[in-house]
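Coordinate inspection notes
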Amino acid sequence: MRASDAALIQKIVQRDESALAALYDRYASLLSSLLNRILRDTQASEEILQDVFYQLWRNAAQFDPARGSLPGWLAVIARNRAISRLRRHNPSEGEELLETTVIVPANLENALAQQQLLGRVKGALENLSSEQRAAIELAYFEGLTHSEIASKTGDPLGTVKTRIRSAVESLKRNLLS
Amino acid sequence: MSGHPTRPEDFDLYALGVLEGEEKAAIESHVPTCAECANKLAEARGRIALLAFSAPRVEPPAAVRERLMRQVHASAESAGARRSTDEPQRAGGFFGRRWAAILVPVGVALAIATIFLWTENARLSRELARQRANLEEQKKQLDEARHLADLLEAKDTVSVALAVQPGMPKGDLRVRYNAKMGMAVCDGWVEPAPANKSYQLWVVPMEGKPVSAGVIDHGGPIHPWMMKLPQGMAAKAFAVTLEPVGGMPQPTGPMVLVGPVS
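Description of the structure in this document. (Residues numbered from 1 in each chain as written. Chains lettered and ligands numbered in written order. Predicted model: local features only at pLDDT ≥ 70, side-chain atom pairs only at ≥ 80, totals over all residues. Heavy atoms only, no water.)

Quick look at the overall build of chain A
Per the secondary structure count, chain A includes nine helices and zero strands. Taken over 177 residues, chain A has a buried fraction of 55%. If you take every contact in chain A between residues at least 6 apart in sequence, the share linking residues at least 24 apart comes to 63%. Counting only carbon and sulfur atoms, one obtains 48% of the accessible surface of chain A, whose full area is about 7,800 Å². (Helix = DSSP H or I, 4+ residues; strand = E, 2+ residues; numbered from the N terminus. Buried < 20%, exposed > 50% of the residue type's maximum accessible area, 1.4 Å probe, protein only. Contact = heavy atoms within 4.5 Å. Areas by Shrake-Rupley, 256 points an atom, 1.4 Å probe, with all protein chains shown as cover.)

Here it is in structure tokens:
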């Protein structure tokens, strides 16, 4: 029987290396895709991928599966690290552990669930206008703020803010429906 | 301590990383003090994290897994070695126990002091970040006010009254436009937009297609709305259309107000 994330985390706390390998096999592909999309640099993506799972190995005891989703947490940490690499800023590990309780509105522990969610996320993004989608991608994959997006696209700041807010409302509706 | 964010999407915008200045600082100073909002932020982080699934699939090479497991194995071995060299000291009889009786309380006191200092340091860092954000926001507002004053005082700034088109929602909008500065400011009011629609303001250039100058969400009073025109563009007219919420790249809906630059 397939072990749950929570059970594997418990085994990692007891220093079971095979439990870490199992979690790596479950989520490395998701993180690798995310990192390569952000960094567009294979070597840097591989370094961060290894680093994120090594952090999980060292700090598993501080992760409480009852308070959040492991893949969500891993995705947040991986994205933060990649954006920080782009911006040459180093967040501290403590900062990451304390600030990233992540509750994902779906169970992602098996490949089928991940596949179904992929369809929902793609559908939710397709519902956005091309400008909304571009703004969300600049924010999520390039780590740009409202004013940085306005400056990059040449659109007025107010337009960018309205565009992203309505895109986020739409994503929220579609992802939760 | 600031109050709860007024709009639920603020948490998603924070998780997305687009907020800055005052808006970002407001969430950062409030969330650590409010369990309800901390939970909302955790849910927003989860929703935003799902965007990771939209990245094109890239399988990591097997070498990464091998390197990770080597690193993990090496760290487990060195921790084991540290434990085994520690054992004789821990079982060190009377002197060991006496040292332990002294060192354990000292260690506990040091740990408490470290936690206190770390917490205080985190609090001060947050406060500093909030103050910096305030300062940046004020500087931005001051720059905007200076630009606005320059525009209004310039002798070659023209005033363009936008006329309501027949059968359209009522409004009274005026654009002050300075071609040399490449800037314009719009203010006035317009009736609330129909459901699922937004007003969108357009610059109609002498040549080429209209350029969006911003989306006005719901109507009502429009506070001075600064527009910076693309370099080299001269405006022939300003117009407002009704568009789907969030605006469109080009006008698709009916013209509500329009005013030519004389």
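So, the sheet that holds strand β5 (residues 211–216) of chain B
Within a sheet, neighbouring strands are paired by backbone hydrogen bonds and run either parallel or antiparallel to one another. Residue and element names in this part refer to chain B. What the eight strands build is an open sheet, ordered β5-β4-β7-β8-β1-β2-β3-β6; its pairing is antiparallel. Every interior strand has two partners, whereas the edge strands, β5 and β6 (220–228), have only one. Taken over all neighbouring pairs, the strand axes of this sheet differ in orientation by 20° on average, direction set aside. By the bridge criterion, two bridges tie strand β1 (residues 158–164) to strand β8 (residues 255–260) in an arrangement that is antiparallel. Bridge pairing in β8 places A163 opposite V258. (Pairing = 2+ DSSP bridges. Axes fitted to C-alpha atoms, helices over the stretch in contact; angles between N-to-C directions.)

Focus: the environment of E127(B)
All names here are of chain B. By secondary structure assignment, the location of E127 is in helix α5 (residues 93–153). For E127, a relative accessible area of 31% corresponds to the partly exposed category. Considered as a pair, E127 and E28 are 99 residues apart in the sequence and their alpha carbons are 9.5 Å apart.

Digging into the interface of chain A and chain B
The interface of chain A with chain B comprises 62 residues on the first partner and 54 residues on the second. Interface area, chain A with chain B, both sides summed: about 5,400 Å², of which 64% is carbon and sulfur. In this structure, R65(B) engages D25(A) in a salt bridge whose closest nitrogen and oxygen atoms are separated by 2.8 Å. Along the contact surface separating chain A from chain B lie 16 residue pairs in polar contact (both at pLDDT 80 or more). For the side of chain A that touches chain B, the secondary-structure elements that each account for two or more residues are α2 (17–39), α3 (42–59), α4 (70–87), α5 (93–99), α6 (111–126), α7 (130–142), α8 (146–153) and α9 (157–176) of chain A. Tallied by class, residues from the side of chain A that touches chain B come to 34 nonpolar, 16 polar and 12 charged. (Buried area = accessible area lost by both parts, 1.4 Å probe. Salt bridge = Lys/Arg side-chain N within 4 Å of Asp/Glu carboxyl O. Polar contact = N/O pair within 3.5 Å; in protein donor to acceptor, adjacent residues only side chain to side chain. Nonpolar A, V, L, I, M, F, W, Y, C, P; charged D, E, K, R; others polar.)

Comments concerning the packing of aromatic side chains
Overall, the coordinates contain three aromatic pairs over all chains when judged by the stated rule. Ring centres 5.0 Å apart and planes at 80° place the aromatic pair Y140(A) and F141(A) in the edge-to-face group. (Phe/Tyr/Trp six-rings, centres within 6.5 Å; stacked < 30°, edge-to-face > 60°.)

Regarding the state of the cysteines
Residue and element names in this part refer to chain B. Using the criterion set out here, one finds zero disulfides over all chains in the structure. Left unpaired, C34 is separated from the closest cysteine sulfur, that of C37, by 3.6 Å. Look at C34 and you get buried, because its relative accessible area is 11%. Note on C37: relative accessible area 1%, which makes it buried. (Disulfide = S-S within 2.5 Å.)

Looking at the packing of α2(A) against α3(A)
All names here are of chain A. The interhelical angle for the contact between α2 and α3, taken along N-to-C directions, is 145°, at an axis separation of 9 Å. Judged by the twist between their axes, the crossing of α2 over α3 is right-handed. Each of E17, L20, L23, Y24, Y27, A28, L31, S32, L35, N36 and L39 in α2 lies in contact with α3, whose residues at this interface are T42, A44, S45, I48, L49, V52, F53, L56 and W57. Considering only residue class, the contact of α2 with α3 consists of 15 nonpolar, four polar and one charged. (Left-handed = near helix turned anticlockwise from the far one by under 90°.)

Section: the pattern of salt bridges
Residues and elements named next belong to chain A. This model, assessed by the stated rule, comprises 17 salt bridges over all chains. The salt bridge involving R87 is made with E148; its shortest N-O contact spans 2.7 Å. Note that R87 is positioned in helix α4 and E148 in helix α8, a separation of 61 residues in sequence. You can call R87 partly exposed: its relative accessible area is 39%.

Brief notes about a nonpolar patch on the surface
Residues and elements named next belong to chain B. On the surface, I102, L103, V106 and L110 cluster together to form a nonpolar patch covering roughly 380 Å² of accessible area. Mapping L110 onto the fold places it in helix α5. Relative accessible area serves as the criterion here: at 54%, L110 is assigned to the exposed category. (Patch = residues over 30% accessible without salt bridge, like charges linked within 9 Å, V, L, I, M, F, W, Y side chains within 5 Å.)

Description of the packing of α6(A) against α9(A)
All names here are of chain A. Contact geometry of α6 with α9 gives a least axis separation of 9 Å together with a crossing angle of 145°. When you trace α6 past α9, the crossing you get is right-handed. For the pair formed by α6 and α9, the contact residues are R120, V121, A124 and L125 on the first element and L171, N174 and L175 on the second. Partitioning the contact of α6 with α9 into residue classes produces five nonpolar, one polar and one charged.

Observations concerning the nonpolar core
Counting 82 residues, the largest nonpolar core has F53(A), L56(A), I164(A) and L16(B) as its most contacted members. Counting residues per element, this core draws most heavily on α2(A), at 13 residues. Residues V160(B), V175(B), I222(B) and A235(B) belong to the second largest nonpolar core, which totals 25 residues. (Core = buried A, V, L, I, M, F, W, Y, C linked by side-chain atoms within 4.5 Å.)

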